[in-house]
Amino acid sequence: MENAPVLFEHRFDNGLVLLAEPMPWLRSAAFTVLLPAGCQYDPPSRFGLASLTCDMIQRGCGSRDNRTFIEDLELLGADYGVSASVYHTVIGGTVPHTQLGETLGVFADVVCQPWLPSAQLDDAKMVCYQEIRSLEDDLAHRAMHALRMRYYGDPLGRNSSGQIEGIEAITIDEVRGFCGSHFRSGQTVISVAGNIDWPRLQDEVGRLFAPMPSGEAPAVAVSPPSHGSEHISYDSQQTHICLAYPSAAYREPNYFRARGAVGVMSDGLSSRLFYEVREKRGLCYTVFATLHSLRDRACVLCYAGTGADRAQETLDVIVQQFQRLREGITHDELTRLKVQIRSGLVMQQESSRSRAASMAGDWFHLGRVRSMDEVSRLVNDLSIDDVNEYLRDHPPLTCDVVTLGPRPLEIPNGVP
Amino acid sequence: MEFRSHRLDNGLSILAECNKRNYTSAFGIFVRTGARDEGPEIGGVSHFLEHMVFKGTPRRTAEQVNLQLDEMGSHSNARTSEDSTIYHAAVLPEFQSPMIELLCDLMRPSLRESDFETEKKVIVEEILMYDDQPPYGGYERAMAEYFGDHPLGQSILGTVPSVEGLTPESMREYFRRRYSPNNMAIVAAGNVDFDQLIADAERCCGAWRPQELGKNIRPAAPRTGFHLMVKPQSAQQYVLQLSAGPAAEDPQRFAARLVTTILGDESGSRLYWSFIDPGRAETAAMGNYEFEGTGLLMTVLCCAPEQTQDNLIELRRLQESAFREGIKQRELDLAKSKIVSEILIASERAENRMFGVGGNWLKHRPYLPSDEVAQLFSDVTLDEVNHILKQFSLTDCTTLSVGPLTQLSMAS
């Protein structure tokens, strides 16, 4: 491949980590900033603090008020977003590469000098309430969130948008305190991919983020999950079925084996779930399974949405397919999966945004970045015996089920 | 980068924006047919046919089709709109010929009766899925109210009864009429070998026989009015507002896109500052829809039910002030900067360029490289933007609201 990728990394004196991969064939540059300020840090009576903070930090920073902040980014041509995940406040953006330095300058002010104006706290809270209410209308999301809470427990299963009562109680001092204790350079990583000049980027980031206080975010206590099944009664056309069972986290040696097994279930049009549930039986329009990895734990999440009268059959067929998976996968299935993963990696070469996001994710999960070549090798080296041995040792036996719809379903045999 | 085009004797168009610097190749078969070409008696047939195309051909079973798409590691999909049906796949360049051979074969599907009945169930599930999702069929109802009996008011998915009433014969008849080579194009972008593309297309599609195509472009007579759909379970209230905009062939479409960006972009627009920043709405946005012969501007709102009446009044106030006072130069400059950058970033992906090239073909427009599109936006003047607001009144509209409210009135 021409322009073989090069990876740069640097840790500044204050602990901030900068990662970069030049993609000189692009005209864009993209960045991801991970701040240790996710919703896992929301205090119990303040669910939504990280989410509210994400809104507040965009209401003025450095020398800009909230309008100038948005206008400056528009003039730079930045496509950006700020959101909270379980672990992080995530700032991501893509710009024409000539505007990268100035754009990072704006976001350095967001991180180091946010205004957090008390006069706008009520508006920011209203924004959060709107988001929470809109998510109530997203039935698939509601069912999946209930499942994640059941599987991971609190706080790892949380929905970052929080709860209305929690947000109502938050004071401006709490928002300021949250920024002060979590916007710390010790666990912050910035990744950049695209048409970039490494020495210049290193200088700029070092200068722009130098005021960031050092230190790390406080540790979080994790409570045990409450595994089992749950039905949420709702007068809907479809029943939403969500299942979760244990799997390997991204940092574990078994990750690619587990990923291979899930891929056979759900990647592509010839995958088992798509074929057995949709193509052969016409039971639903949407069905998928995905390996969802947190830092030190993971699960396979499976979803299907189907008309209430066919929901039981859909659940039964899905469970049968997971039970069948214990018998192993075939050589052809693995070969197809490898081509698909390799193709996806090459396609990432056309997107600075997705490359920057993967680099930051790698750093968080592994403490280093996997080059695309390394991922390609790991996938290529995967053998049928590897995947089948993994499935023998880790059969999908126990599973949490959440359904949302007009009627509860009978949980099939084999699912506790 | 180089643009190449060719036409087979049977009328099939082949277009490609070839760029050896891309790592991937994107291919699409574009068919100028969609819901507007159906008529109520076969409502939903275009979209149903899009699904049936993947169910196999005289040379392949459905399973073989899916296997082959996966064996090439393709990112493939299909979509149906009011006026187009597109089958597309992005692959590594080494799979160009087998992918073209497969896509072309799919365009002559078997349409077997047993597959038809199984797939009908999937389509019904898709309709039920959208019935559960905001705005709960509101888009289809708003289009129907706005366009009346004009074909653009026809629902893309159809309804459960219309889909259940479809027969394999009616689908085959529609297929013969619309999937004619002179109504189709093979479009490619990225790392593409164009000479090979022509050779493969000739081999796979050269024997297709063209049909006489009827013209179905009659002028729309948009209607205005206010409609309320009650959905008691919904937490939020949703509003869709449709008013006239430039048609696909109208050069004013660039100015109109700038107007919707200035007034209704998701960030930094007038709607943003009035509704999103203060938390009065979860969504407040505007978009352009361009069809042959007509176009429309759509405004959408999603907010708490109790805020909806006030928000409708505020929306009307903003529209009237835009009409009276026009747009400021600073707003235009910001919108241009935003759009030009979006075009540049999007153009890096072969797949996006394929949709750009194909989109122009669908609308009978000439090819435009992305830099020229960006330039056309940059060249728009303040007068042209303000003229849009005078020519296309935002307040002459169809408004539809869906949600728990049982009473709501249009601001006047």
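Just above, that's the structure.
Residue positions are given per chain, counting from 1 as you read along its sequence in written order. All chains are assigned letters beginning at A, and all ligands numbers beginning at 1, according to the order in which they are written. Confidence filtering applies because this is a predicted model: local features only for residues at pLDDT of at least 70, side-chain atom pairs given and counted only at 80 or more, and all residues used for totals across whole chains, interfaces and linings.

Draft legend 1. View of the overall build of chain B. A run of H or I in DSSP becomes a helix once it reaches four residues, and a run of E becomes a strand once it reaches two; helices and strands are each numbered from the N terminus. Each helix and strand counted, chain B has 15 helices and 13 strands in total. Each radius of gyration reported is based on C-alpha atoms, and the globular scaling rule is 2.2 Å times the count of residues to the power 0.38. Taking 412 residues into account, the globule formula puts the C-alpha radius of gyration at 22 Å, and chain B, at 22 Å, falls close to it. On the principal axes, the C-alpha backbone points of chain B span a range of 60 × 45 × 35 Å. With C-beta atoms placed from the backbone, the exposure class of a residue follows from how many other C-beta atoms lie within 10 Å of its own: 20 or more, buried; 12 or fewer, exposed; in between, partly exposed. Residues classed as buried in chain B amount to 52% of the 412 residues present. C-beta atoms are placed from the backbone for every residue, and two residues are taken to be in contact when these atoms lie within 7 Å. Put simply, of all contacts in chain B between residues at least 6 apart along the chain, 81% involve residues at least 24 apart.

Draft legend 2. Representation of the nonpolar core within the structure. A set of buried Ala, Val, Leu, Ile, Met, Phe, Trp, Tyr and Cys residues, joined through C-beta atoms within 7 Å, is what we mean by a nonpolar core. Counting residues in each nonpolar core, the largest one holds 189 residues, and the members touching the most others are A:C242, A:I318 and B:A188. Looking at this core element by element, the count peaks at 8 residues for helix 5 (residues 139-152) of chain A. In contact with B:A188, not counting residues within four places along its chain, are B:A16, B:S25, B:A26, B:F27, B:L197 and B:M354. Judged by nonpolar contacts, the second largest core, of 55 residues, contains B:A255, B:L258, B:L271 and B:A335.

Draft legend 3. Local environment of helix 11 (residues 305-325) of chain B. Residues and elements named next belong to chain B. By this rule the span expected of a helix is its residue count minus one, scaled by 1.5 Å. With 21 residues, helix 11 ought to run about 30 Å at 1.5 Å a step, and its terminal C-alpha atoms sit 30 Å apart, in line with that. Working definition for bend: take the seven residues up to and ending at a residue and the seven starting at it, fit an axis to each, and measure the angle between the axes. Bending of helix 11 peaks at approximately 30° at the position of N311. In the core, the buried residues of helix 11 are packed alongside strand 10 (237-245), helix 10 (270-276), strand 12 (294-303) and strand 13 (397-403). Just beyond helix 11, the residue with positive phi is G326, at close to 75°.

Draft legend 4. Summary view of the interface of chain A and chain B. Across the contact, 51 residues belong to chain A and 53 residues belong to chain B. Mapped onto the side of chain A that touches chain B, the elements with two or more residues apiece are helix 2 (66-76), strand 5 (89-96), helix 4 (121-136), helix 10 (272-279), strand 10 (298-307) and helix 12 (331-348) of chain A. Here the element with the most residues in the side of chain A that touches chain B is helix 4 of chain A; it accounts for 10 residues. Following the grouping adopted for this structure description, the nonpolar residues are Ala, Val, Leu, Ile, Met, Phe, Trp, Tyr, Cys and Pro, the charged ones are Asp, Glu, Lys and Arg, and the polar ones are all others, Gly among them. Class assignment of the residues belonging to the side of chain A that touches chain B gives a composition of 16 nonpolar, 19 polar and 16 charged.

Draft legend 5. Here's a closer look at the pairing of strand 10 of chain B. All names here are of chain B. The buried count for strand 10 comes to 8 of 9 residues, which makes it a mostly enclosed element. At least two DSSP bridges between two strands are required for those strands to pair. Bridge count between strand 10 and strand 12: 9 bridges; the pairing is antiparallel. Bridging from a neighbouring strand, L242 pairs with M298 of strand 12. Inspection of the sheet shows strand 10 paired to strand 13 by 6 bridges, in the antiparallel sense. Across the sheet, V239 pairs through a bridge with S401, a residue of strand 13.

Draft legend 6. Quick look at the pairing of strand 3 (residues 28-35) of chain A. Residue and element names in this part refer to chain A. Most of strand 3 sits out of view: 8 of its 8 residues are buried. On strand 3, burial covers both faces: S28, A30, T32 and L34 on one face and A29, F31, V33 and L35 on the other are all buried. Bridge analysis of strand 3 against strand 5 gives 8 bridges, and the strand direction is antiparallel. Residue T32 lies in a different strand from strand 5, and its bridge partner there is G92. Bridging between strand 3 and strand 6 (residues 189-194) involves 6 bridges; their strand directions are antiparallel. Bridge pairing in strand 6 places V33 opposite I190.

Draft legend 7. The arrangement of the sheet that holds strand 9 (residues 286-293) of chain A in detail. Residues and elements named next belong to chain A. Ordered in space as 7-11-8-10-9, the 5 strands form an open sheet in which the pairing is mixed. Both outer strands of the open sheet, strand 7 (229-233) and strand 9, are each paired with one neighbouring strand and no more. In this sheet, neighbouring strand axes are inclined to one another by 15° on average, regardless of whether the strands run parallel or antiparallel. Alignment of strand 7 against strand 11 (residues 400-405), held across 5 bridges, turns out to be parallel. Each residue of the ladder has a partner; that of S233, found in strand 11, is G405. Axes, fitted as lines to C-alpha atoms, cover a helix only where it is in contact. Angles between the N-to-C directions of the axes lie from 0 to 180 degrees. Strands in contact with helix 9 (residues 255-266) are strand 8 (238-247), strand 9 and strand 10; relative to strand 9, the strand with the most contacts, it is inclined by about 170°. Against the sheet, helix 10 makes contact with strand 9 and strand 10, and its axis sits at roughly 155° relative to strand 9, the strand it touches most.

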